[in-house]
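Here is what each chain is made of, one letter per residue.
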Amino acid sequence: MTVHPAFSTSAGEAAPLTVRVVDPLSLSGDLAAAWDGLASEASEPNPFAERWCLQSALHLLDPERNARLVLVRDGNDGPVIGVMPVASALHYGRLPLRHVTGWAHPNHFHGAPLVRAGFESLFWSILLGWCDAAPWARTLLHVPRLTEDGPLHRALVDVARVRGGEARTVHREERALLESPLSPDDYWDAAVRAKKRKELRRQANRLAEQGAVGLRRWQAGEGLDPWIDAFLTLEARGWKGRAGSALASHGETEAWFRAVLTGAADAGKLDMRALDLNGRPLAMLVNFLCSPGGFSFKTAFDEDYARFSPGVLLQQANLDLLDDPKIAWVDSCAAAGHPMIDSVWRERRSLVWVNVPLSAPADRLRFAMLDKAERLWRRWKGAAAPANEVESPT
């Protein structure tokens, strides 16, 4: 573990804050508990930055040990105010430009650090100041998948401006979100066209003719391994298995999935469901419930029964999350424009990829050159295109 000295506040007083680069596999019990405690007080929930998820990811999905797990802490024994995995990158898209990036695996669908509410600006100031001083850090900090106009995004924009630079949004996406005061039944009626609802009722009736149809939800204390095995088998039988992108296609992602679901269950944040036919799952999904939000992490269905739309029928049952008083919204974690979930969940969540320059003159110069190149690139791609349709080279 590397401990860096405290930074100073703008008033010139020493701030009792330390930046620690820690080994995720050898965390002390004290630090592990502090990280866990941070999750319940975070300004924005992110299961992918919680210890039960990120610790396993860094162990199993970062074999080259490129990531640095950074913790900002109040002194040596005070609360942790922020956690973020970062890595040094040698290329920015196709450009040979060394920079710092928020580390994430493709199975991580949100990039926000875990930061204590009310400390967002202080966290970014400390992190960027630490990057300024780190000999391996260059040019800029790239933060992927921040909630647009959320507390962390707003704070990053403000801190960049105070530092004499500007936070540049280099990419933007929208994906389906579930957020409504309606009851599950009323939401279904409002979100899904009448013709489509009629067709789904017909499919449900035809499915019932095939045998006993049932809905299950994993319960705390119930054995989890059979659920995990069933999900992995179901996903591997479909197109992801044929493409080699199923979780079970690679030993490290399967091991990570097992570890993450076990961790989520132990933390009381796992919501796993299945739609069965004669006791065999036709569709399954995994939610992470991190009050006040939820994240629909993974879903799979039996393609042999696609004509009955089992995945959509399970999503209809999943709308009972609207009745959960602890959950105000659920992020689909789906790709932008996903044809299935976009037709059921009508709200949208905007995510942004943001660049912030580091402070050294050479860093500012490289950042300015990159910024100009990206602006010219977007202009060439078509200035009239909506922001979420023009991707950056990242």
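Here, every reference points to the structure presented above.
Note that the structure is predicted; figures quoted are calculated from it, not measured.

Q: Any chance you could explain the overall build of the protein chain here in plain terms?
A: Within the protein chain one finds 11 helices and 14 strands. Along the first, second and third principal axes, the C-alpha set of the protein chain runs to 70 × 55 × 40 Å. Sequence-distant contacts, at least 24 apart, represent 72% of the contacts inside the protein chain between residues at least 6 apart. Looking at the protein chain as shown, the accessible area adds up to about 17,800 Å², and 52% of this sits on carbon and sulfur atoms. For the protein chain, the separation between the mean place of its 46 positive charges and that of its 48 negative charges on side chains is 6 Å.

Q: Looking at this structure, how should I read empty space enclosed by the protein?
A: Take a probe with the size of a water molecule and roll it over the atoms, and the empty space left behind shows itself. Going through the model one piece at a time under the given rule, you end up with one cavity of 30 Å³ or more. The space that makes up the largest cavity amounts to roughly 110 Å³. Every residue lining the largest cavity is counted, 15 residues in all, and those nearest its centre are P85, W103, H110, G111 and A112. Taken together, the residues of the lining of the largest cavity sort by class into 10 nonpolar, five polar and no charged.

Q: Looking at this structure, how should I read the nonpolar core?
A: Generally speaking, a soluble globular protein has its nonpolar side chains buried in company with each other. Counting 52 residues, the largest nonpolar core has L261, L270, M272 and F288 as its most contacted members. Residue contributions to this core peak at six residues, all from helix α9 (residues 251-266). Here L270 is in contact with W218, L224, L261, A264, A265, V286, N287 and F288, once residues within four sequence places are set aside. Counting 34 residues, the second-largest nonpolar core is a separate cluster that includes V70, V72, A137 and A160.

Q: Is there a simple way to think about the side chain of K269 in this case?
A: Structurally, the position occupied by K269 is in the loop between α9 and β10 (270-277). Among the polar contacts listed, one links the side chain of K269 to the side chain of E50, at a separation of 2.7 Å. Contact partners of K269, with chain neighbours within four places excluded, come to A39, E50, W52, A264, N287, F288, L289 and C290.

Q: What is the right way to look at the pairing of strand β3 (residues 67-74) in this model?
A: Of all the eight residues making up β3, six are buried; the element is thus mostly covered by neighbouring parts of the structure. Here six bridges tie strand β2 (residues 17-22) to β3, and the two strands are oriented antiparallel to one another. Bridging across to β3, T18 finds its partner in R73. Taken together, β3 and the strand that follows it, strand β4 (residues 80-89), pair antiparallel across an intervening segment of five residues, in which G75 is found at a positive phi of about 75 degrees.

Q: Can you help me understand helix α3 (residues 120-133) in this one?
A: In this model, α3 (14 residues) spans 20 Å end to end at C-alpha, consistent with the 20 Å of a helix rising 1.5 Å per residue. Buried within α3 we find E120, F123, W124, I126, L127, L128, G129, W130 and C131.

Q: Explanation requested: the environment of H108 in the structure shown.
A: With respect to the helices, strands and loops of the structure, H108 is situated in the loop between β5 (99-102) and β6 (114-115). For the pair H108 and F48, spaced 60 residues apart in sequence, the C-alpha separation works out to 5.9 Å.

Q: Looking at this structure, I do not really get the packing of aromatic side chains. What am I missing?
A: Any aromatic ring pair is given by two values, namely how distant the centres are and how the planes are angled relative to each other. For the structure on display, the rule yields 14 aromatic pairs. Seen in terms of ring centroids, F48 and F297 are 5.9 Å apart; in terms of plane orientation they differ by 50 degrees. Their pairing is tilted. One end of the pair, F48, is in the loop between α1 (29-39) and α2 (51-60); the other, F297, is in strand β12 (residues 293-301), and 249 residues separate them in sequence. Considered together, F48 and F297 belong to a single accessibility category, that of buried residues. Residues W130 and W136 carry aromatic rings whose centres are separated by 5.7 Å and whose planes lie at 70 degrees to one another, so their mutual orientation is edge-to-face. According to the relative accessible area criterion, W130 is buried, its value standing at 3%. Look at W136 and you get buried, because its relative accessible area is 13%. Site record: aromatic cluster; members linked through ring pairs are F48, W52, F109, F231, W256, F257, F288, F295, F297 and W329. A cation over a ring is seen here: R68 above W136, with NZ or CZ 3.8 Å from the ring centre. A cation over an aromatic ring shows up here: R349 above the ring of W329, its NZ or CZ 4.6 Å from the ring centre.

Q: Could you clarify how one ought to interpret the layout of surface pockets in this entry?
A: Counted as a void, the largest pocket has a volume near 970 Å³. Lining the largest pocket are 38 residues; nearest its centre among them are W239, K240, T299, A334 and H338. Those elements that provide at least two residues to the lining of the largest pocket are β8 (168-178), α7 (225-236), α8 (239-243), β12 and α10 (310-318). Looking at the lining of the largest pocket element by element, the count peaks at six residues for β12.

The rules behind these values
- Residues numbered from 1 in each chain as written.
- Predicted model: local features only at pLDDT ≥ 70, side-chain atom pairs only at ≥ 80, totals over all residues.
- Heavy atoms only, no water.
- Helix = DSSP H or I, 4+ residues; strand = E, 2+ residues; numbered from the N terminus.
- Contact = heavy atoms within 4.5 Å.
- Areas by Shrake-Rupley, 256 points an atom, 1.4 Å probe, with all protein chains shown as cover.
- Lys, Arg positive; Asp, Glu negative; His and termini not counted.
- Charge placed at Lys NZ, Arg CZ, Asp CG, Glu CD.
- 1 Å grid on protein atoms, 1.4 Å probe; cavity = no way out; pocket = protein on both sides within 12 Å on 5 of 7 lines; lining within 4 Å.
- Points joined across faces, edges and corners; volume = space filled by probe spheres on them.
- Nonpolar A, V, L, I, M, F, W, Y, C, P; charged D, E, K, R; others polar.
- Core = buried A, V, L, I, M, F, W, Y, C linked by side-chain atoms within 4.5 Å.
- Buried < 20%, exposed > 50% of the residue type's maximum accessible area, 1.4 Å probe, protein only.
- Polar contact = N/O pair within 3.5 Å; in protein donor to acceptor, adjacent residues only side chain to side chain.
- Pairing = 2+ DSSP bridges.
- Expected span 1.5 Å × (residues − 1).
- Phe/Tyr/Trp six-rings, centres within 6.5 Å; stacked < 30°, edge-to-face > 60°.
- Lys NZ or Arg CZ within 6 Å of the ring centre and 35° of its normal.

These values are about where atoms sit, not about what they do.
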